[in-house]
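Residues per chain, in single letters:
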Amino acid sequence: MNLTDSSKSSLEGVTIIVPLADEGLSLRMMRCLGPHGARFVLVSRSPDSAASKSRYCERLVHLSGALSDEAWMNCLDQIEIDGDAVVVLPVTTAGFQFVARNRVALSDRFQLPPLAEESTLKLASDKWRLFELADQAGLPLIRSVVMNAESVAEIVDGTDGFPFPLLIKPTDREHGRGFRKCDGAGALQSFYDETAGRGQGEFIIQPFLDGYDVSVSAFCSSGQIRAHATWEAQFYGGEHYTIPRCIQFRDGGENLEITSRLLALLDWEGVCDIDLFVDRRTGKTFLLEVNARFWANVVACSVAGVNFPLLMCQAALGRTPQPWPAQVDGTVFCYPRGLPRLMTSGENFWRAARRPLSSTGLDRFLADPFPELFKARRKFCRSFSRPNLDQTRRALSS
């Protein structure tokens, strides 16, 4: 594919195959790349993914059942694409590991972005193994222990010195799912007896700190950060452990330094997102976890000036950005559900008001509305499904 310097950000004629595609991250990634001319083929286990309704999606290939790597590979081999280039770009944790595991076979036919080794991806996705590695390297960490009968007994008896409240985290869950605040010894013992004590999941225990989230998203080669974006949570909605409803991009400072040390230690390739936490009382920053995949705020990063999916595609196509993109400090991004609170947020409101559509993601929705409309219709239809109607009738008659 012959390219001039002026066309390096163009993806006209490029088809992107997304293996093991989900709904949310796939849609976000398409909205970062679709405006550059890319078209997508989603390979998914979901037959009615809202992401497939995007204007940028040419095709959804549905595979069902418990599928092996061989089944996924056979499916990819049978996809016929007309175009100048075909890039296989994973978005989920499972997708990243699948491509890393099969990169030799995939590279015979497709162009691939840089990815860490599968063993590194798995290590980064395991909160406890990552904690042990980072602890050995002297990185700042919140004190943590594996939840087991011994550690729970010591905390309940008060011999471990762990103060309540505590935060319990699954070692393998994403997007803050499964996090639980524990206010006392009885609640801790009950939770253990009902879960880990029965072999249902693996968890770590940490002190519960009052603070806020910081995230450093990065594109790396050989463990060196080439492009990055750093945001701080401004306010939340609902569960504190989920995605903030409003974020502001700020200078990386100490957060970037901690991230650089970790990614050099992992010899990282490609993209990832590092979650950190700032203790509001002491101002100290702690490393939390690595998202070894694309992340929920990837669209917000592109609004701030760093389009990470585009960097991955450019790398797959052999293009090097000149210069590497840099974030615009002070950029505010607020999700639509956070708009009522943003209206009373002073500086954040005025920063977002400079570009009201892009600062809320509404420009992406207006350009590509069908996925959200499909999800609204699906939710409406499900609310009137037979089981839900029967449940409503029982509630009204009781």
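Whatever comes next refers back to the structure up there.
Structure report, in brief. (Residues numbered from 1 in each chain as written. Predicted model: local features only at pLDDT ≥ 70, side-chain atom pairs only at ≥ 80, totals over all residues. Heavy atoms only, no water.)

### Focus: the overall build of the protein
Phase 1 of the analysis: Helix and strand counts for the protein stand at 16 helices and 14 strands.
Phase 2 of the analysis: The C-alpha radius of gyration computed for the protein amounts to 22 Å, which stays within 12% of the reference 21 Å derived for 398 residues, consistent with globular compactness.
Phase 3 of the analysis: Within the protein, the fraction of its 398 residues that count as buried is 50%.
Phase 4 of the analysis: For the protein, long-range pairs separated by at least 24 residues make up 65% of all intrachain contacts whose partners lie at least 6 apart in sequence.
Phase 5 of the analysis: For the protein, the exposed area adds up to about 18700 Å²; of that, 49% sits on carbon and sulfur atoms.
Phase 6 of the analysis: Charge centroids of the protein, computed over 44 positive and 47 negative side chains, lie 8 Å from each other. (Helix = DSSP H or I, 4+ residues; strand = E, 2+ residues; numbered from the N terminus. Rg over C-alpha atoms; globule rule 2.2 N^0.38 Å. Buried < 20%, exposed > 50% of the residue type's maximum accessible area, 1.4 Å probe, protein only. Contact = heavy atoms within 4.5 Å. Areas by Shrake-Rupley, 256 points an atom, 1.4 Å probe, with all protein chains shown as cover. Lys, Arg positive; Asp, Glu negative; His and termini not counted. Charge placed at Lys NZ, Arg CZ, Asp CG, Glu CD.)

### Some details on the environment of T344
Phase 1 of the analysis: Its place among the elements puts T344 in the loop between helix 12 (339-342) and helix 13 (347-353).
Phase 2 of the analysis: By relative accessible area, T344 is classed as exposed at 68%.
Phase 3 of the analysis: Along the primary structure T344 and R198 are separated by 146 residues, whereas in three dimensions their C-alpha atoms are 47 Å apart.
Phase 4 of the analysis: At 3.0 Å, the side chain of T344 forms a polar contact with the backbone oxygen of R341. (Polar contact = N/O pair within 3.5 Å; in protein donor to acceptor, adjacent residues only side chain to side chain.)

### Considering the pattern of salt bridges
Phase 1 of the analysis: In total, this model carries 12 salt bridges according to the counting rule given.
Phase 2 of the analysis: The closest approach of N and O atoms between E347 and R351, which form a salt bridge, is 2.8 Å. One end of the pair is E347 and the other is R351, both in helix 13 and four residues apart, which spans about a single turn.
Phase 3 of the analysis: R351 gets classed as partly exposed once you look at its relative accessible area, which sits at 23%.
Phase 4 of the analysis: Because the salt bridges share partners, they merge into one network encompassing D69, R101, E118 and K122. (Salt bridge = Lys/Arg side-chain N within 4 Å of Asp/Glu carboxyl O.)

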